[in-house]
Amino acid sequence: MNLASIPSPSTGVIELGPIPLRGYAFCIIIGVFVAVWFGNRRWIARGGKAGTVADIAVWAVPFGLVGGRLYHVITDYQLYFSEGENWVDAFKIWEGGLGIWGAIAFGAVGAWIGCRRRGIPLPAWADALAPGIAFAQAIGRWGNWFNQELYGKPTDLPWAVEISEGANRVAGTYHPTFLYESLWCIGVALLVIWADRRFTLGHGRAFALYVAAYCAGRAWIEYMRVDEAHHILGLRLNVWTAIIVFVLAVVYIVVSTKLRPGREEIVEPDRDTTPGKDSGADGSAKADADAKDADAQKDPLSKDEPGKGRTAESTEAAAEKG
């Protein structure tokens, strides 16, 4: 008998007049805002400009949502394309179902496009965003609580989550894996912040540390879940994914440290984006060259500063006096 437990919401939708506010979508939106806000602060601290993080996020977020949904639908295709299922449900992202692996991969593609348009190195931008992404995941996982999904094995622990009877679920108390992952992501964010300050991480290593640390936690949390999933050699697909991505992240940290030690000195070029004007280093060089050409074309006898040079009139006066 449970003396205490975490109750689940009776519904995942809050009606605000004619507007339905879905808990899952609300958590995702709040997470995105936190990631951009915190990433912006870190970007400015590293020498970047205010607003750049948000500008690139305009590319990264939509790509990430699409990638996250695609990964979920592909790896859990039986939920949408099996007999008796409605394939249209694959587009109902508000009902839950985002794979973090696809979200990060596709989000990186969108961020690369945004960074390329701004002349910014993607690794530096990713380093600034890394803790914010972890915080965003911590918030987003509570969307699973609203939907009563992705819980773990049955338990009578005081912090067990109460699950009500519903489609593909049995009433009872279970391990709140959404809570475990949320707390783990907060720890990952704090770890990256500390390590970044302590070791001056750069060239994508802060982001790689976030990836490695998240995967380490995701592996054991995924092992506790009881929702339907594909298995390979006795392990859930996402466990294998976490292991492989963890190894790749660690290898990147080691190799990157040897090839590109230290941190980027300049993360965002100081460019004049006024229409019709040259910008960046090329524009500055051209301006200097123009100034030198103008000086060369001046009369060598012209008087630019007091006490320097002589005008034509003063030369003639001196000749008459002599």
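Rules used in this analysis
- Residues numbered from 1 in each chain as written.
- Predicted model: local features only at pLDDT ≥ 70, side-chain atom pairs only at ≥ 80, totals over all residues.
- Heavy atoms only, no water.
- Helix = DSSP H or I, 4+ residues; strand = E, 2+ residues; numbered from the N terminus.
- Axes fitted to C-alpha atoms, helices over the stretch in contact; angles between N-to-C directions.
- Parallel < 35°, antiparallel > 145°, perpendicular 65-115°, else oblique.
- Left-handed = near helix turned anticlockwise from the far one by under 90°.
- Contact = heavy atoms within 4.5 Å.
- Expected span 1.5 Å × (residues − 1).
- Salt bridge = Lys/Arg side-chain N within 4 Å of Asp/Glu carboxyl O.
- Buried < 20%, exposed > 50% of the residue type's maximum accessible area, 1.4 Å probe, protein only.
- Pairing = 2+ DSSP bridges.
- Phe/Tyr/Trp six-rings, centres within 6.5 Å; stacked < 30°, edge-to-face > 60°.
- Core = buried A, V, L, I, M, F, W, Y, C linked by side-chain atoms within 4.5 Å.
- Patch = residues over 30% accessible without salt bridge, like charges linked within 9 Å, V, L, I, M, F, W, Y side chains within 5 Å.
- Areas by Shrake-Rupley, 256 points an atom, 1.4 Å probe, with all protein chains shown as cover.
- Polar contact = N/O pair within 3.5 Å; in protein donor to acceptor, adjacent residues only side chain to side chain.

Quick word on the environment of Ala189
And then number 1: With respect to the helices and strands, Ala189 occurs in helix α7 (residues 177-199).
And then number 2: Measuring from C-alpha to C-alpha, the distance between Ala189 and Ala134 comes to 5.3 Å, with 55 residues separating the pair along the chain.

Things to note about the packing of helix α5 (residues 122-140) against α7
And then number 1: Two elements in contact, α5 and α7, have axes separated by 8 Å at closest approach and are oriented at 165 degrees. Classified by the angle their axes make, α5 and α7 are roughly antiparallel. Here the hand of the crossing between α5 and α7 comes out left-handed. Residues Ala130, Pro131, Ala134, Phe135, Gln137 and Ala138 of α5 touch α7, and the partners they reach there are Glu181, Ser182, Cys185, Ile186, Val188, Ala189, Leu190, Val192 and Ile193.

Comments concerning α7
And then number 1: Between its first and last C-alpha, α7 extends 32 Å over 23 residues, near the 33 Å set by a 1.5 Å rise per residue.
And then number 2: Of the residues flanking the end of α7, it is Thr200, one or two places downstream, whose phi is positive at about 50 degrees.

Points about the pattern of salt bridges
And then number 1: According to the stated counting rule, one finds 13 salt bridges in the structure shown.
And then number 2: In this structure, Arg218 and Glu181 form a salt bridge, with 3.9 Å as the shortest nitrogen-oxygen distance. Residue Arg218 is located in helix α8 (residues 205-224), and its partner Glu181 is located in helix α7; the two are separated by 37 residues in the primary sequence. Glu181 matches Arg218 in its accessibility class, with the two residues each being buried.

What to know about the pairing of strand β1 (residues 13-16)
And then number 1: Where β1 meets strand β2 (residues 19-22), 4 bridges bridge the pair, whose relative direction is antiparallel. Residue Ile14 lies in a different strand from β2, and its bridge partner there is Leu21.
And then number 2: Between β1 and the antiparallel strand that follows it, β2, lie 2 residues; Gly17 among them carries a positive phi value of about 65 degrees.

Notes on helix α1 (residues 23-45)
And then number 1: Taking 1.5 Å of rise per residue, the 23 residues of α1 would be expected to cover 33 Å, and the 33 Å separating its terminal C-alpha atoms lies within 8% of that figure.
And then number 2: Where α1 is concerned, the buried positions are Gly23, Tyr24, Cys27, Gly31, Ala35, Val36, Phe38, Gly39, Asn40, Arg42 and Trp43.
And then number 3: At its buried positions, α1 is contacted by β2, α2 (52-75), α5, α6 (142-147) and α7.
And then number 4: At the exit of α1 stands Gly47, carrying a positive phi of roughly 105 degrees.

Some words on the packing of aromatic side chains
And then number 1: One pass over the full model with this rule turns up 12 aromatic pairs.
And then number 2: Here Trp145 and Phe146 contribute two aromatic rings whose centre-to-centre distance is 5.2 Å and whose plane-to-plane angle is 65 degrees, an arrangement assigned as edge-to-face.
And then number 3: Seen from their ring centres, Trp184 and Trp220 are 6.0 Å apart, and the 80 degrees between their planes marks the pair as edge-to-face. Placement of Trp184 in helix α7 and of Trp220 in helix α8 is noted, with a sequence separation of 36 residues between them.
And then number 4: Three or more aromatic residues link up through ring pairs in this structure, and these residues are Trp142, Trp145, Phe146 and Phe178.

Digging into the environment of Val245
And then number 1: With respect to the helices, strands and loops of the structure, Val245 is situated in helix α9 (residues 237-259).
And then number 2: Spatially, the C-alpha atoms of Val245 and Tyr214 are 9.9 Å apart, while their sequence positions differ by 31 residues.
And then number 3: Beyond its immediate sequence surroundings of up to four residues, Val245 is in contact with Trp101, Val211 and Cys215.

Focus: the environment of Asp196
And then number 1: Tracing the sequence through the fold places Asp196 in helix α7.
And then number 2: Those residues in contact with Asp196 that lie beyond four places of it in its chain are Arg42, Leu201, Ala206 and Arg263.

Digging into the nonpolar core
Soluble globular proteins tend to bury their nonpolar side chains together.
And then number 1: In terms of nonpolar packing, the biggest core is built from 43 residues, with Trp43, Trp101, Trp125, Val192, Phe207 and Tyr210 touching the most fellow members.
And then number 2: Elements with a contribution of two residues or more to this core: α1, α2, α4 (100-118), α5, α7, α8 and α9.
And then number 3: In this structure, Trp145, Tyr174, Phe178 and Leu179 belong to the second largest nonpolar core, which totals 8 residues.

What about a nonpolar patch on the surface?
And then number 1: Taken together, the side chains of Ile243, Phe246, Val247, Val250, Val251, Val254, Val255 and Leu259 make up a nonpolar region of the molecular surface, amounting to roughly 640 Å² of accessible area.
And then number 2: Owing to a relative accessible area of 44%, Val251 belongs among the partly exposed residues under this scheme.

Focus: the side chain of Ser8
And then number 1: Examined against the element boundaries, Ser8 turns out to sit in the segment before β1.
And then number 2: Ser8 sits in the buried class, given a relative accessible area of 19%.
And then number 3: Of the polar contacts made by the side chain of Ser8, one reaches the backbone oxygen of Glu162; its length is 2.4 Å.

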